[in-house]
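Report on the structure
Listed below are the residues making up each chain.
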Amino acid sequence: MIDAAAFIPLCPLVGFTILLFFGKRIGDPLSGWIATTAMGGAFISACITFAGLLQLHGAERHHIQKLFTWISAGSLHVDASLLVDPLSVTMVLFITGVGTLIHLYSVGYMHGDEKYPKFFVYLNLFAFSMLMLVLGSSMLVAFLGWEGVGACSYFLISFWFDRPTAAAAGKKAFVTNRVGDVGFMLAMSLTFVTIGSLDFTALNQAPLARATATGIALLLFLGAAGKSAQLPLYIWLPDAMEGPTPVSALIHAATMVTAGVYLLCRVAPVLAQAPTASTVIAIVGVATAFVAATIACAQNDIKKVLAYSTVSQLGYMMLAVGCGAYDAAIFHMVTHAFFKALMFLGAGSVIHGMHHEQDMKKMGALRKFMPITAYTFIIGWLSIAGVPPFSGFWSKDEILLAAYHKSPILWAFGLITALLTAYYMTRQVRLVFYGEQRFARADHNEHAADAEEAEHAHDAQHEADHTPHESPWVMTAPLVVLAALAALGGLLNLPFSPRFAVLSHFLHPVFGESLIEAHSATTLKLVLVAVTTLAALIGVAYGWNRWSSATDIPALEPRLLANAYEADTIVDTVVVRPSRALAEASFAVDRNVVDGAVNGVATLVGKGGGLLRTAQTGYVRSYALFVAGGTALLLAWVVFRSVG
Amino acid sequence: MTVPVHLYLALAAALFSIGAVGLLVRRNVLVMFMCVELMLNAVNLTFVSFARELNDIGGQALVFFVMVVAAAEVVVGLGVIVAIFRRRSGATADDLHILKG
Amino acid sequence: MHLLSLLAATKADSLTFVIGAVIVLGGALGVVLSRNPVHAALMLVQTLFGVAVLFVAQGAHFLAAVQVIVYAGAIVVLFLFVIMLLGVDRDDMVAAEPLKNQFPVAVIVVAIVAAELLLLGRRQWTTGTPSVVGALRGPSGNVEQLAEAIFTRYLFAFEATSVLLVIAVVAAVALARRADGTDVDADYIAEVEAADAALAAERAGANTAVDELAAEEDSAEAEESGAEVTS
Amino acid sequence: MSLLLAAHAATHVHAATGFPILTALVVVPAITAAIVALLPKQRLDAIRLVGILGSVATAVLAAYLLARFKTGNGNYQFVTDHVWIKSFGIHWKLGVDGISLFLIALTGVLFPLSLIGPVENDNVKSYVAWLLVLEAACMGTFLALDLFVFFVFFEVVLVPMYFLIANWGHGRRDYAAMKFFLYTLAGSAFLLVGMLAVVFLHARGAHPLTFDLVTLAKDPGVSGSTARWLFLAFAVAFAVKVPLVPLHTWLPDAHTEAPTAGSVILAGLLLKMGTYGLLRFGLELFPKAAHDLAPLMITLAVIGIIYGAAIAAVQRDLKRLVAYSSVAHLGFIVLGTFAFTSQGMSGGVIQMINHGVSTGALFLLVGWIYERRHTRAISELSGLQKVAPVMAAMFTVVMLSSIGLPGLNGFVGEFLVLIGSFGPHRWWAVVATFGVVLAAVYLLWAYQRVFHGEPTGDNEKMLDLNLREKLVMVPLLLLIVGMGVYPKPVLDRINPSVDRLIHHVRVATDAEGAK
Amino acid sequence: MKLLAQTQIPVQVPQATAPASTFHLPHVEYSLLLPEFFVIGGALLLLLFSALVVKRNRTTLYTWFTLITLAAASVPLVYRWHEYAKHAKAVAKLGPAVSQFGSPVVAGPATRGVEGAIANDGFGIFLVGLLLAIAFMAILIGDGWLRREKQARGPEFHVLVLLATSGAMIMAVGNDLIVTFLGLEILSLPLFVLAAFHSRRALGREAAMKYFILSAFSSALFLYGVALTYGSTGSTNLDEIGSFLSQNVATSGVLLAGVALLLIGFGFKVAAVPFHTWAPDVYQGSPSPVSGFMAAAAKVGAFAGMLRVFMTAFSTLRLDWQPLVAVLAVLSLIVGAVMAAVQTDVKRMMAYSSISHAGFMLVGLQAGTTKGVASVLEYVAIYSFMLLGAFAVITVAGGPSHDVAQSVDDYRGFARKRPGLALLFTIFLLAQAGVPLTGGFIAKFSVIAAAVDAKSYALAILAMLSAVVAAFLYLRIVLAMYAGAGDEADDASVLKDPALRPSRAVAVALGIALVVTVASGVLPGPALDLARHATLAF
């Protein structure tokens, strides 16, 4: 049963292949359904694999399924093989699960797009890559998936490539990720040089020198920072919202961006040997969480808020990783996948219903028009805000607990971030679903232009009808399921007793004993829980009141935050421009100096020849003078030789 | 005791040099050609001097050949000169400098 | 190497050498310096005689005779014929010198060559095996000796000279042919001459007046010095 | 020209060892070129057909060779050996091992595609004939086991390439062709002298005069600084061909101005002659010197990786961009070669193939854009993905391969090089890894400008690839994906030869170290 | 066979003077001189024949006669080579001591004739054969030119070519400085006449005048060198000079001056820088067939003399003259290539490139080894054919303009007008550039090999780099020929210009040049062996 693991990536691969070659012929709805089926197949295979894994116990829950030898040179030997263990199965389950729902959602969302089949081609390819990433038994196979998801992310962000912003965003995402990939590649090199293998198993079992472990950990973290949008490489993620919304939900919220967290958890034993690296990870994580949360407070684009919120939540996960609470990180990853996917899909539903309006200031009172979307979104909001007993509360709580153990300062920042999270999500919900109906005031022409530009084809009647409307069932059904999961996800890992901590227990063979659980007193736990809950409630309450009717509160939306600390400008001036200038300078050097030297030789020959030509005067006397001069020259040598 | 041979040889060298200078500075082709004759005579003198010093008839025999060559050269050379200056006035080598560069 | 060694020689020999040398060098300088080609030819005759004298002084009687008969008698006459034929008995140094430094450089270079030769010969000129072909001061006369050398050892060379004479004849025939019509390359030559003239004009135009003045002075000087020599 | 000789050699082989496949690989295209030359000028179809048939026949021979090649054997196989010039001990000696095997195969693949892919209507006869001559010369270069034979083909390659650029190129083709020819010739000057020095120094050790690589490699008779100087002489010639910075400036001009087929061959095969030469001759003959001078070579290689990529990033001409990217990619090959680890060297060898495939494909695609739009200026192209989705898709795949996306061929080589050089030359490997980022920068930038956005002006009317062009791309795409997903068969054949070479180097270094 | 056996006598050693009245005529080995006799006799017969028998001018007849003469002259050569090679191989087997290079002791297959005035050895046979071939080609190329330019009035052209060839042949076999000098003059004098042969070509006359004056100047220098050598060694016979120098270690400055002056004389003839100045003017000014013949024959003759003199007579002075030769080589390589690159006239280009080629050959001589000599032989032989081939094309291409329009621009579009000729020209030019699979490469290869073997690495590299510069100029011509597509493509008159049609004779010459150029490149073994055997014994 456990061998069904091979089918997990195979299903989307088959779907991808079919759609790649026949997608155009299969056409609009059917290709979407095929993709969804492929994804569903993967989910079923994942479940079977999970069942197979459950039959094993303890350390046995570590199964490697070799497919074929991929690369082999000298002592390097890399198999294309899958590692089935609790961690990967957890990942696979929620990836395929959420993935299936989002595929289903996309069937409706993308309906009418002229590149409909292509979308699913990419989506299936993405799913395949993501599954390879989490199932890969060696760093290299994981890297295959890692880069694959990056490429698919690129394709999907710039899916509407005729929009220059989309094209630019895709490129930005790829390049920024590439910077992180350098870390991953160097980590692989260092690993290979150190232990002679790239297998995760070997790496995790190898005793490493502290410096090496720190090196590997930090290099991997560099990779993870790229993929999981940590400071300072997070800048691509907000731009990535240019992609279709299901993409944002699947790739830029639920799955791909968590790959970095997964990767670090995968090499948890290495991190354990590298405390400095862990501290760095924790600090960067909490800083990311805090900074992104502040930015999210001042955003008006419904998806941008969610994007920064994602960055912030990823910061939380990193914080957990840095604090050694790997199970907490995974737990939050799962719950986050539920509620963030939910909210993205909800936002997509809103955008869909609003005919591609994304500005929250132009929405309001939407719960009347699209109730399912609204209520499911609200569940997501409560969950992310950390209101008990929704799933976010449980997972965030565990992270803050771990942070407190690492350092109260980390905890404090985490707490403030939690407060901010509650606040900006409340702001969003108030602006979008409550308050007065502002979209009627919106400029019709602008709408029309946006819609046209969006290339997001609609039926003629929809074009004419500007009233928001609820989405079709294929879109709402996933919302409902996800809402349920977001609400109840906490059940996976209740903190009351080790018996309830199902996920932690399940992950135990991978991460070993959680230090925090063992060492924290229950009283402290309860106090911390209370404080966090309070913070969340304060955030919710403040946001609810502040944004009850107002739409513009400049004091709360400082330009600095709205512009995301001018990060893009800074990157542009500090990195892009200088490197471009440097490249231009190199080109100038290449043309004028390096090639100039080559052409200089030619010029020299030409000039020298011209000069010598003037010596060839045409007068025979001067020719004779040459002969005489040559004679003097040769005789001079003779004199030198016989006399000197 | 006769005059030492090195004086003859130095004289020949001087004659040779004067001939060379003449060839280099004169512009009349015929005079240039005469300067070549001077040089050849210098060589002849050298041969004869060596022949005396080496007590060897060979040197004198060589002079004989040089003279023949000189005669043949003069015929051909003058032929060329005549062929040129029959078709154009003047007889300086400087007049002919179309070929150059 | 020293002129003092002349004193060691017998008086007659020394005198012969000195007179011969003066004739030879004087004639040579005359050839080089005389402005009229006819004069140059006559000075050449003087040199050839001088050389003949020196031949005699060194026991090359036959060669001396040949020198006078062939060289002075035939070759120089040939020269004079051509001079007359072409009517080129004019001063060739009148026109402006197109090669500015030719004269000084030529003199310096040749002086260097001469100095080098003399420097090399300062220890010893003659180092070879004596009498390889045959002793000069042998029993038989100069003509017989020469004949023996030429008809034995130098037989091949002797025969080869005949080819030279054939060539001279054929060359004379070939070069004496009359051509009808204009030259095929007349246009080309006209083009090159025009280009040269244009270039010269351009160069003259580009130069400052000072340069022009200097050039004029140069040519004037050259004329003056030329006048001095002829006078 | 080589016909006579080949015919001569062929008769001998038949008698001795059955079918002379290696000689045939050289002779078949040469004979085809001769046949093409004899065809009447007006029969364009016949000329093209004969040309394609000849190159396909060569490809079939190469495939046969591939099939018959014994895996797990690091030595030369199918060796043909006949006396050519007795007085110099020069032999017509050809052989193939894992390092050259796939270059032969690549030659077999790229030439038919270059003949079929781009359309050339001007003086077709000479064009096809020159291409076939070029193929013969390429084959000869990669097969030669005799220094003289190698040098001959190494030089002969210049002639057809010169004519291809000069007669069928674009823009400043005269300049580019001349520069290419003279630059490479200047490099070869050192090669010839170095080669002769090796041979004569070897002969001085009471050996018979021989140009045989295998014999010379066994006991080159040079060591210490002599060997280093000689290695440098070889290296200069090969560095020009690779090209290593700062000897690379002929490349952008030649690649840009060459006709499409010329660019494909130039990038796909001719550059490999440099890296192949370093491996085959530099390392075989002067293992210790190569090892000693590895820092120099690696420094230049890494500079090339960064420098080439940086300059590629600011190009305004699509073809020139691809050309500069070659400088960067070839840097990886040299880096891997001089890392002296199995991974690095195998990576270098496989990167040669991969670069040939993907850059060849890129040049084909750029050439087709040029055929349609008559411009290569990036600023004049836009939105092509909309009007030519198939081309865009293929371009994407090729581009990703060039960027080094795992699962595509480009990655395998790059990764092996990086991981192989990380051990011995850590910091250079780190710098080179950053070069990977740059590759993404310039290619994605170009892709964004050319294919993304709205098609404007003439771009709106551009046609997508036709069936012929698609069919030309198919084998290349198959190779790109196939060698990315399952490079094992290739690596299995390369590795033994690479290991043998590394062993050779190690033995030499240890031996001299012991002294 | 009998004759040969008799000629295997050692060199004439200085003998006591015989009684004056009873000297006996020397033994003349006529068999050794057959080629020379054929050529010179042919020339004389041709003169007589045309003067006495032929009424009208019959160029075809003269050409055939000359060609047959040359072919006949090569017959005894083949026989002698056969004999020589047999001996040479036997000697080679005995070991290196016998065929020791530069040794004054003549042994084995090399013999002397006519009182030691000429040498009978492979070297001479090889070069004489080569010269016959050069004359053969020159006659073929000149034939059509004579008719085209209406210069065919008598047999002078043929006679002069034959006589010049005989001069070069005498240089090749001459074993005495005076014989070499006479050969030089016999070679040169007809060339002056040939340069001015075209009655309506002023450039030719200018060329003849320049060539003549400079040649006379250099002859004087050469003769002075002969005189100084004579004084320092007591002989002009090369064997005797050699044995003198091997017995007397101390060398005088005068002797070295003589050597230097001889080098200048030869250097002038081969157009080595700085004695090269005549070459471009003369090559350009002379009629194209003459330029070709001149370039080939003069170079062969001069190198023949140079190699023989320096490698036999002065071999012990090697360390003294090698640097001098190296300097000339370097200057020739650089100046030749650089100046060739900036020329616009194709014939001038060929002249400067021939200077660069001379530099290459000097590199071979500079090595001062048997290999070096063999390489120079190889080079000069292949070079002659490439060059004559090129000049054959140049001659044909000059048709419409009477040989005047020879600038590179005049060659634009030549490939369209005459694709075959253009291809041939391309091959000859690329061969000169040293592209492999042509003879030019093998020539360069063997010279560089000799230099490298002698450890003259820097010189070798410099030579190859200069070849790169020189390649530029060959490619320039090629580029011009293949460029200009569509410029005048429609002009049918240009395409069908009858003046551009090569005559049958020229076609034969082109064929010979092509076969030699290509064959010596693809299968260089025989040619290399020939050159190597030729140097087994001097």
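Conventions and cut-offs
- Residues numbered from 1 in each chain as written.
- Chains lettered and ligands numbered in written order.
- Predicted model: local features only at pLDDT ≥ 70, side-chain atom pairs only at ≥ 80, totals over all residues.
- Heavy atoms only, no water.
- Helix = DSSP H or I, 4+ residues; strand = E, 2+ residues; numbered from the N terminus.
- Buried < 20%, exposed > 50% of the residue type's maximum accessible area, 1.4 Å probe, protein only.
- Contact = heavy atoms within 4.5 Å.
- Areas by Shrake-Rupley, 256 points an atom, 1.4 Å probe, with all protein chains shown as cover.
- Buried area = accessible area lost by both parts, 1.4 Å probe.
- Salt bridge = Lys/Arg side-chain N within 4 Å of Asp/Glu carboxyl O.
- Polar contact = N/O pair within 3.5 Å; in protein donor to acceptor, adjacent residues only side chain to side chain.
- Core = buried A, V, L, I, M, F, W, Y, C linked by side-chain atoms within 4.5 Å.
- Nonpolar A, V, L, I, M, F, W, Y, C, P; charged D, E, K, R; others polar.
- pLDDT = per-residue confidence, 0-100.
- Phe/Tyr/Trp six-rings, centres within 6.5 Å; stacked < 30°, edge-to-face > 60°.
- Axes fitted to C-alpha atoms, helices over the stretch in contact; angles between N-to-C directions.
- Parallel < 35°, antiparallel > 145°, perpendicular 65-115°, else oblique.
- Left-handed = near helix turned anticlockwise from the far one by under 90°.
- Arc of directions from axis to C-beta.
- Disulfide = S-S within 2.5 Å.
- Patch = residues over 30% accessible without salt bridge, like charges linked within 9 Å, V, L, I, M, F, W, Y side chains within 5 Å.
- Pairing = 2+ DSSP bridges.
- Expected span 1.5 Å × (residues − 1).
- Bend = angle between axes of the 7 residues up to and from the residue.

1. Brief notes about the overall build of chain C
Secondary structure assignment for chain C yields nine helices and zero strands. Secondary structure elements of chain C, listed N to C terminal, follow the sequence α-α-α-α-α-α-α-α-α. Here chain C, with 231 residues, has 40% of them falling under the buried criterion. Within chain C, contacts between residues separated by at least 24 positions form 54% of all contacts whose residues are at least 6 apart in sequence. In the structure as shown, chain C presents an accessible area of about 11,900 Å², 67% of it carried by carbon and sulfur atoms.

2. What to know about the overall build of chain E
Counting its regular elements, chain E contains 21 helices and two strands. For chain E, the accessible surface area stands at approximately 14,300 Å², while carbon and sulfur atoms represent 66% of it.

3. Here we look at the interface of chain B and chain C
Facing the 77 residues of chain B at the interface are 99 residues of chain C. Of the roughly 7,600 Å² buried where chain B meets chain C, counting both sides, 74% is carbon and sulfur surface. Contact with chain C buries surface across chain B, with R27, M34 and I57 of chain B losing the most and accounting together for 9% of the total. The interface formed by chain B and chain C includes two salt bridges. A salt bridge links D183 of chain C to R87 of chain B; the shortest N-O distance between them is 2.7 Å. At the junction of chain B and chain C, the tally comes to 15 residue pairs in polar contact (both at pLDDT 80 or more). Examining the composition of the side of chain B that touches chain C, we find that 23 residues originate from one element, helix α3 (residues 58-85) of chain B, more than from any other.

4. Quick look at the nonpolar core
Ranked by internal contacts, the top residues of the largest apolar core, which has 785 residues, are F148, L270 and F338 of chain D together with F314 of chain E. If we ignore the near neighbours within four places in the chain, the residues touching F338 of chain D are F231, L278, L283, A290, A294, M297, I298 and H425 of chain D.

5. With respect to the interface of chain A and chain B
Each partner contributes to the interface: chain A provides eleven residues, whereas chain B provides 13 residues. A buried area of about 930 Å², summed over both sides, lies between chain A and chain B, and 62% of it is on carbon and sulfur atoms. Three residues, G618, Y619 and R621 of chain A, lead the burial of chain A against chain B; their summed loss comes to 53% of the area buried on that side. Summed over the shared surface of chain A and chain B, the number is one salt bridge. For D94 of chain B, the salt bridge goes to R621 of chain A, with nearest N and O atoms at 2.6 Å. At the junction of chain A and chain B, the tally comes to three residue pairs in polar contact (both at pLDDT 80 or more). Considering every element that reaches the side of chain A that touches chain B, the biggest residue donor is helix α27 (residues 620-642) of chain A, with six residues. Taken together, the residues of the side of chain A that touches chain B sort by class into six nonpolar, three polar and two charged.

6. Some words on the confidence of the model for chain C
A residue-level look at chain C finds 81% of positions with pLDDT of 70 or above and a mean pLDDT of 82. When the criterion is pLDDT under 50, residues 222-231 of chain C qualifies, and its contacts beyond four places in sequence or with other chains add up to five contacts.

7. A look at the arrangement of the chains
There are eight pairs of chains in contact here; the most contacts are made by chains B and C. Regarding chain C and chain D, which are not in contact, the minimum distance between any of their C-alpha atoms is 29 Å.

8. Remarks on the packing of aromatic side chains
Per the counting criterion, the structure on display carries 83 aromatic pairs over all chains. Ring centres 5.6 Å apart and planes at 35 degrees place the aromatic pair F143 of chain A and F411 of chain D in the tilted group. You can see F143 of chain A sitting in helix α5 (residues 139-157) and its partner F411 of chain D sitting in helix α19 (residues 409-422), one on each of two chains. Of the residues examined, F143 of chain A reaches a relative accessible area of 1% and is grouped as buried. The exposure class assigned to F411 of chain D is buried, which follows from its relative accessible area of 0%.

9. Describing the packing of helix α9 (residues 253-270) of chain E against helix α11 (residues 288-313) of chain E
Residue and element names in this part refer to chain E. Closest axis-to-axis distance for the α9/α11 pair is 8 Å, and the angle between their directions is 160 degrees. Put simply, α9 runs roughly antiparallel to α11. Crossing hand, α9 versus α11: left-handed. Only A298, K299, A302, F303, G305, M306, V309 and F310 of α11 make contact with α9, whose side of the interface consists of V259, L262, L263, F266, K269 and V270. Tallied by class, residues from the contact of α9 with α11 come to eleven nonpolar, one polar and two charged.

10. A word on the environment of P252 of chain D
Residue and element names in this part refer to chain D. Relative to the helices and strands, P252 resides in helix α11 (residues 250-257). The buried category is assigned to P252, whose relative accessible area is 2%. Those residues in contact with P252 that lie beyond four places of it in its chain are R320, A323 and Y324.

11. A short note on helix α22 (residues 502-511) of chain A
Residues and elements named next belong to chain A. Taken together, the buried positions of α22 are occupied by L503, S504, F506, L507, V510 and F511. Taken end-on, α22 shows its buried residues confined to a sector of 160 degrees, consistent with a single buried face. Buried positions along α22 lie against α2 (28-55), α3 (86-109), α11 (259-266), α12 (268-272) and α15 (326-353).

12. Comments concerning the side chain of H202 of chain D
Residue and element names in this part refer to chain D. Its location among the elements puts H202 in helix α8 (residues 173-204). Polar contacts involving the side chain of H202 include one to the main-chain carbonyl oxygen of D219, which spans 2.8 Å. Excluding its chain neighbours within four sequence positions, the residues that come into contact with H202 are H207, P208, T210, T215, L216, D219 and P220.

13. A closer look at the state of the cysteines
Tallied over the entire structure, the rule returns zero disulfides over all chains. Of all cysteine sulfurs in the structure, the one in C265 of chain A sits closest to C323 of chain A, which takes part in no disulfide; the separation is 12 Å.

14. Concerning the pattern of salt bridges
With the rule as written, the count across this model stands at 45 salt bridges over all chains. For D281 of chain E, the salt bridge identified is with K210 of chain E, shortest N-O distance 2.9 Å. One end of the pair, D281 of chain E, is in helix α10 (residues 278-285); the other, K210 of chain E, is in helix α7 (residues 202-233), with 71 residues separating them in the sequence. Taking the relative accessible area as the measure of exposure, D281 of chain E reaches 0% and is therefore buried. Judged by relative accessible area, which is 0%, K210 of chain E ranks as buried. Connected through salt bridges with shared partners, the residues D595 of chain A together with K179, D253 and R320 of chain D form a single ionic network.

15. Things to note about the environment of L415 of chain A
Residue and element names in this part refer to chain A. The topology assignment puts L415 in helix α18 (residues 408-433). L415 sits in the buried class, given a relative accessible area of 15%. L415 sits 21 residues away from E436 along the chain, and the two C-alpha atoms are 32 Å apart. Those residues in contact with L415, other than ones at most four positions away along the chain, are L400, V531, T532 and A535.

16. A look at a nonpolar patch on the surface
Residues and elements named next belong to chain A. A contiguous nonpolar surface patch, about 650 Å² in accessible area, is contributed by F7, L10, V14, I18, L20, F21 and F22. For F22, the position within the fold is in helix α1 (residues 7-26). Exposure remark for F22: the relative accessible area of 43% places this residue in the partly exposed category.

17. Focus: the environment of A301 of chain D
Residues and elements named next belong to chain D. You can see A301 is positioned in helix α14 (residues 294-312). Considering only alpha carbons, one finds A301 and L244, 57 residues apart in sequence, at a separation of 6.3 Å. Not counting residues up to four positions away in its chain, the partners in contact with A301 are L244, G331, V334 and L335.

18. Details of the pairing of strand β1 (residues 63-73) of chain A
Residues and elements named next belong to chain A. Taken together, the nine bridges between β1 and strand β2 (residues 76-84) define a ladder with antiparallel strand orientation. The partner of Q65 across the bridge, within β2, is L82. Counted along the chain from β1 to the antiparallel partner β2, the turn is two residues long, and its residue G74 has a positive phi close to 60 degrees.

19. Some words on helix α21 (residues 467-485) of chain D
Residues and elements named next belong to chain D. Taking 1.5 Å of rise per residue, the 19 residues of α21 would be expected to cover 27 Å, and the 26 Å separating its terminal C-alpha atoms lies within 8% of that figure. Approximately 30 degrees is the largest bend angle found in α21, and it occurs at V474, with the proline P475 only one to four residues beyond. Every buried residue belonging to α21 is among E469, V472, M473, L476, L477, I480, M483 and G484, and all of these are buried. Its side-chain oxygen at 3.2 Å from the backbone nitrogen of R468, N466 defines the N-terminal cap of α21.

20. Considering the confidence of the model for chain E
Predicted coordinates in areas of low pLDDT are best not read in detail. Residues and elements named next belong to chain E. In this model, chain E carries a mean pLDDT of 86, and residues with pLDDT of at least 70 account for 89%. In this model residues 1-20 is a low-confidence stretch, pLDDT under 50, and it forms 22 contacts with partners more than four residues away in sequence or in other chains. Note on the complex model: pTM 0.91, ipTM 0.89.

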